[in-house]
Structures are given as C-alpha cells and as structure tokens.
Amino acid sequence: MKSKFRQIALLGKYHLNSGSSVNPSSRKTLESIAQFLHTLGCEVILEHDTAAGSGLSGYTVMTIEEIGASCDLAIVLGGDGTMLGYARQLAPHDVPLIGINQGRLGFITDIPLNEVQNTLTAMLGGAYEADRRALMRAKVWRDGHCVFDALAMNDVVVNRGATSGMVELKISVGEHFVANMRADGLIVASPTGSTAYALSAGGPILHPAIGGWVIVE
C-alpha cells in the first residue's frame, strides 16, 4: 500500500562528535524506518542535525525551514522532550507530526518501536485521526521593548531566578485583573503541558480538547 504522504521528514536528537559515537541501535532504528518509508513510495528527508548527528547518508537533507516549506509530514523519533522541541519549530509551517517513542516517557510520542511498521502502514494509508494541540506565545518586555518572543507547547514559567526571595506577580487575563501574588514562580500550562511541570506543582490535568490554560503558583 502506498502512502498518501509524498515527502516525509525524519527528525531525532542524535549526538556524534570526536569524543563519542551515536548509539548503533539508534542509528539502526532511524535507518530501518527510512528504508520502510521508501518501500511505501515515500521520499524520505532527513533533518539537517539528525543527519549530522546520526551519520546516516544517502537521503536528501533539509533544515527545519525547508522541511516546513516542502514536506507533507514529519516523523519524530525520541521522547516527549524531542517531540516538543520540533513541534515548536514546525508549528508555524502547519506540518503534521507523528511521534515514535525512543525515550522513557511517551505521552505524545506514543508509538512504541515494536509497533512502528504496522502502525505507520495504517496511518500513512489514511487510517488516522488528527489531534490538534494548542500553543502559547510568550514574550518578555523591558522598557517598552520585546526582548524575548517564543512559542511554547507545554508551558511558560516565570521564576525568581538567582534571587533568594519571592517574586511579586500581577496576573491579568486580557484586560481583567485576576490577582496579585508573591511566590517562587508561576507556571502557565497548556492542556498538553498540564501533565508535566504544572502537575508536579499540584495543578490539575486537562484533556487536550479543553480550550483553557492552567495557572499554578
């Protein structure tokens, strides 16, 4: 069965330098998935750092921006942290992602390695349900100037940094004042991030379909 996706990017975090070598099993996994996708009639693209880190060759290599402009799908190998990092970078390009769990946690990288071929065959043939996740945009302003601007999929954290005391925070939603507080910090989490740092600080778990955020001090 041929895939309904034409160009598929493979992304993962691998480290290859003069002092160490990439885990042979990690490279083998990446290579076997690339070969499997090729048998389904897909053009396989390796993300630039993934290709450099794994040492895998023989495939077209692209940057994140190039993948966003030309690929129909991205498959991420790793843990949830790897998935979150690539999801943030590819979100502006609206490229769908599939996560294959090569780490310890698998809330959003939920395809185990021993089920890759069967699961991908079905999904790439059209047997899937898209799960859209909310993103947050965080900005830091100083003296009327934006000094930091980034997307977050999990959470945005304001903390006291290196200071020993608590920070004073004013919380507003839109133009509506919510509270003044003194605390070690503040976590604003999306439903996806409600199972991470916010949960460890006592926050609730939100279903991904809920259109809301969690604020935990």
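Above this text is the structure in question.
For clarity, every value in this text was computed on a predicted model and none was experimentally measured.

As a further point, take the packing of aromatic side chains. This model, assessed by the stated rule, comprises one aromatic pair. Pairing Phe5 with Tyr128 gives two aromatic rings, centres 6.1 Å apart and planes at 40°, and the pair type is tilted. Taken together, the positions of Phe5 in the segment before strand S1 (7-12) and Tyr128 in the loop between helix H5 (116-124) and strand S7 (136-142) put the pair 123 residues apart, joining distant regions of the chain. The class of Phe5 is buried, set by a relative accessible area of 11%.

Now for the environment of Asp49. Summarising the element assignment, Asp49 is placed in helix H2 (residues 48-54). According to the relative accessible area criterion, Asp49 is partly exposed, its value standing at 49%. Along the chain, Asp49 and Val167 lie 118 residues apart, while their C-alpha atoms are 38 Å from each other.

For a regular strand, side chains alternate in direction, first toward one face of the sheet and then toward the other. With five of five residues buried, strand S12 (residues 185-189) is to be regarded as a mostly interior element. Burial of the side chains of S12 extends over both faces: Gly185, Ile187 and Ala189 are buried on one face and Leu186 and Val188 on the other. For strand S9 (residues 155-159) and S12, the ladder comprises five bridges, and the chain directions are antiparallel. Of the residues in S12, the one forming a bridge with Val158 is Leu186.

Basis of the calculations
- Residues numbered from 1 in each chain as written.
- Predicted model: local features only at pLDDT ≥ 70, side-chain atom pairs only at ≥ 80, totals over all residues.
- Heavy atoms only, no water.
- Phe/Tyr/Trp six-rings, centres within 6.5 Å; stacked < 30°, edge-to-face > 60°.
- Helix = DSSP H or I, 4+ residues; strand = E, 2+ residues; numbered from the N terminus.
- Buried < 20%, exposed > 50% of the residue type's maximum accessible area, 1.4 Å probe, protein only.
- Pairing = 2+ DSSP bridges.

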